[in-house]
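# Working through the structure, step by step
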Amino acid sequence: MCQGESLTALEKLTHATESSPHPIMPLTDLAPDIPAMFRRAAINAALGSARAFFSSLKTWRARKQKHEAKHTKKRKKRPFRERPPVPPRSWNKSVPFYASLWHERHTHGIVLKVWTGSCWSWLKVHILGRELPDGYAMGSPQLVRKGDRWWLHTPIEKTFETPAKSGEQLTTAQTRLCAVDLNLDKHLAVCSVQTVDGTILATSFIGNGTAVSGCRKQLLGRIARNRSQTGLIAENEQDNADLWAKIRHVDEQIAHLVSARIVQFASEHKTSILVFEHLGNLQPEKGTYSRRSNSKRAYWMKGRMFRYATYKAWHAGGIITCRVNPRNTSRECHRCHAAVIRYNQGHPVEGYTSGAALCLCPQCQMRDHADRNASIRVGQRLIERTQEPLKEKPHARSQRAKRESKDSGVGISQDAKRQMGPSIPAARRGDHANGHGTAQGRRRRMGASFPDIASQLRVHFE
Ligand SMILES: [Zn+2]
């Protein structure tokens, strides 16, 4: 049923008219004279929730089917563990104020039609908030209840042209992408801007992760001490509520600040793609309660920074976000892809120390900050994906990556498959075989862009 039909059907059930004088669930039982626009808004809010539920049920079924099809083929039975979505048992929704239910909207106030408990009346409310940024339009406001207070939420909307998909954008040599390496230690995020043809333009080091981590660990330590002093925790009772709230707020705040800085940097350098790594699995740390919880929370924060950056980038003029396989991004040289030596200042230059600040490539003598090198590799990996589409799967997780690295046969069989394809030039096979494809790849990509440059020149001289 389309939106209009379901709305009419539901109105018939709730609203008395001449043609149907006795509806099944008359709204007049709840309150007299409910404004028509309020009724419609409420029905549409309910329909929206119902549709959201059915669409997530549909995608869940599709995932289940896919999973089962995959596991019967291999004769390896692994049950599908993901739980189906559940429709809400109780439902509480804020109804938007449609056009006739509010008037006199300006920067500092609005007049709303509300139910006071005995009648519908106009209520003037003051609004605090920033002015609307350029190019945005305001939608229907909504009153949202939080505890014993009411908040007025106003959605804002901006229309812009849908950007091209990453694969398409990456065929242009001048496309800029901003690759991000998220860390848990010194710098929370290291971003590097590069073009598709390999020019590195800028790097930014964001945030002091050590300070955040230290602050959080201290709070967690206080919780642990409080717990040991009070002994048993009453069931269903959240202990140390204030301290937990503080930890949550610090994490939330940092994730917002860092993601905003990432997007700011990306748009300052006119990039159109943001690249992150897939998160991989959480590797639990051993040690005290505060240490374990701290590492877990830091891991969650990485996910949060990614989510926030994704929507902020989209709103900053349609920057799209991609994720790549995280395998060895910090272990490979961005110039020649050989394994790097990672070390700390003042320590011997040998081996690989996880988390150390500096790196040196023994093959091409590249010296750089280790996180900067990693962020550049993250970006290169996305570019490589368009060159060699079969080499990396878009959703490859770290687990799968590990398996492949153990069994190099996987890579070889893919190679063989690609060799059969008639459209792949011999040069590409060659540079894949020795594993150092950048130089050759770059030349080819630039070659692909020559017609563009040529046509531009022609226009200029004609
Ligand atoms: Zn190198």
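Because the structure is a prediction, the values reported are computed rather than measured.

### Focus on the overall build of the chain
Each helix and strand counted, the chain has eleven helices and 15 strands in total. Counting the 462 residues in the chain, one finds 21% classified as buried. Within the chain, residue pairs in contact and separated by at least 24 positions form 60% of the contacts whose partners lie at least 6 positions apart.

### Some details on the pairing of strand E9 (residues 189–195)
Note on strand geometry: in a regular strand, side chains alternate between the two faces of the sheet. Most of E9 sits inside the fold, with six of its seven residues counted as buried. Here strand E8 (residues 176–182) pairs with E9 via seven bridges, running antiparallel. Pairing of Ala 179 across the sheet is with Ser 192, part of E9. In terms of strand pairing, E9 meets strand E10 (residues 200–206) through six bridges, oriented antiparallel. The partner of Val 190 across the bridge, within E10, is Phe 205. The loop that links E9 with its antiparallel partner E10 comprises four residues; one of these, Gly 198, has a positive phi angle of about 100°.

### So, unusual backbone geometry
In this structure, Glu 104 takes a positive phi of about 55° despite not being glycine. On the secondary structure map, Glu 104 appears in strand E1 (residues 102–106).

### Side note on helix H7 (residues 370–387)
If you check H7, its first and last C-alpha atoms are 25 Å apart, about what 18 residues at 1.5 Å a residue would give, namely 26 Å. Burial runs high along H7: 15 of the 18 residues are buried.

### Some words on the sheet that holds E9
One open sheet holds the five strands; their spatial order is E10-E9-E8-E11-E12, and the pairing between them is mixed. Because the sheet does not close on itself, it has two edges, and the strands there are E10 and strand E12 (320–324). The mean angle between the axes of side-by-side strands here comes to 20°, regardless of whether they run parallel or antiparallel.

### Here we look at the pairing of E1
Sheet topology note: the E1/strand E2 (residues 109–115) ladder contains three bridges and is antiparallel. Bridge pairing in E2 links Trp 102 to Leu 112. Two successive antiparallel strands, E1 and E2, enclose a turn made up of two residues.

Scoring rules and cut-offs
Residues numbered from 1 in each chain as written. Predicted model: local features only at pLDDT ≥ 70, side-chain atom pairs only at ≥ 80, totals over all residues. Helix = DSSP H or I, 4+ residues; strand = E, 2+ residues; numbered from the N terminus. Buried ≥ 20, exposed ≤ 12 C-beta atoms within 10 Å, placed from the backbone. Contact = placed C-beta atoms within 7 Å. Pairing = 2+ DSSP bridges. Expected span 1.5 Å × (residues − 1). Axes fitted to C-alpha atoms, helices over the stretch in contact; angles between N-to-C directions.

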